[in-house]
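# Observations on the model geometry
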Amino acid sequence: MKAVILAAGMGKRMMDITLNTPKPLLKIANTTIIGYLVNCLKEIDVNEIYVVTGFKSKMIKSKLGKSINYIHNKKFRTTNSIYSLYLAKKYLQNSNFILINGDIFLSKLYFLKIKNFKNSTSFGIKRNKYSDGEMNIILKNGLIKKISKDIKKNESNAESAQMSYFIKKDSNILFKEINHLINKKRLNLFPAYAYKAIIKKSKLKISFIKKNCWYEIDNKKDLIKLRKKINTTRQLTKFKNLR
């Protein structure tokens, strides 16, 4: 199986912290955000891991080493993550692969679940209240019908956990749509914008992650919250094995 981690961004919402250290390299206990994700992937036998770099790419490559395949987004200052994924097209199309944002932290259990997936699946979070501006999801009969930051909080059934798995057939549908969008100069979209092609032509299931098993580090408040939860090796091990 293959996986790609999107790690090109500048972390602009926390630039006082990320100015000299890219967000994926922020420390959590005795590891980094991206180091933890890579280790989880290796432990479930993902044999091809790609990391799309941009901001401070040399630091990321130096930290992760030569066992990772790197793709550099030279346009990281002016593009969004759909363009980073587009750059990985030749390595991932016609393959089963996992897509992960480089600023999430979750229990290893959910990586293990992927090994049993038969359909393309996005992970989601159930919340008592949803918020406008998040990557919200509308469900119907257990399938994702729409995923977008434009979905209003009162319409949402779930929030995206920023990790998805695509089967071979759907990876081709996905990259065909991404290619179409890039050709139209739609470089500032999120990958989820292209999922509509899979939703229309195939199906996209959802798998829920428990809220205490997942964190997204969007801002300084998120980072403080995660570090408060996990600041020792023992706490990291406990979190990694949460069910």
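Now for a description of the structure that goes with this document. (Residues numbered from 1 in each chain as written. Predicted model: local features only at pLDDT ≥ 70, side-chain atom pairs only at ≥ 80, totals over all residues. Heavy atoms only, no water.)

### Thoughts on the overall build of the chain
Selection criterion: The secondary structure listing takes helices from DSSP runs of H or I that are at least 4 residues long and strands from runs of E that are at least 2 residues long, numbered from the N terminus. All radius of gyration figures rest on C-alpha atoms, and the globule criterion is 2.2 Å times the number of residues raised to 0.38. Categorising residues by exposure relies on relative accessible area from a 1.4 Å probe, with only protein chains included: less than 20% of the type maximum marks a residue as buried, more than 50% marks it as exposed, and the intermediate range marks it as partly exposed. Should any heavy atoms of two residues lie within 4.5 Å, those residues are considered in contact. Accessible surface is estimated by sampling points in the Shrake-Rupley manner with a 1.4 Å probe; for residues, cover comes only from the protein chains shown.
The helix and strand tally for the chain stands at ten helices and 13 strands. Here the C-alpha radius of gyration of the chain, 17 Å, is about what a compact globule of 243 residues would show, namely 18 Å. Projecting the C-alpha coordinates of the chain onto the three principal axes gives extents of approximately 45 × 40 × 35 Å. Residue burial in the chain is summarised as follows: out of 243 residues, 53% are buried. Taking as baseline every contact in the chain between residues at least 6 positions apart, the subset at least 24 positions apart corresponds to 75%. As displayed, the chain offers around 12,200 Å² of accessible surface, 46% of which is attributable to carbon and sulfur atoms.

### Observations regarding the environment of Leu87
Within the secondary structure layout, Leu87 lies in helix α4 (residues 81–87). With a relative accessible area of 22%, Leu87 lands in the partly exposed category. As a C-alpha pair, Leu87 and Lys228 span 141 residues in sequence and 36 Å in three-dimensional space.

### Here we look at the side chain of Glu216
Here is the rule: Lys and Arg are tallied as positive, Asp and Glu as negative. Neither His nor the chain termini are counted. Whenever Lys or Arg places a side-chain nitrogen within 4 Å of a carboxyl oxygen from Asp or Glu, that contact is recorded as a salt bridge.
By the secondary structure assignment, Glu216 is in strand β13 (residues 214–216). Put simply, Glu216 is tucked away with no salt bridge, and the nearest opposite charge, on Arg127, sits 6.4 Å away.

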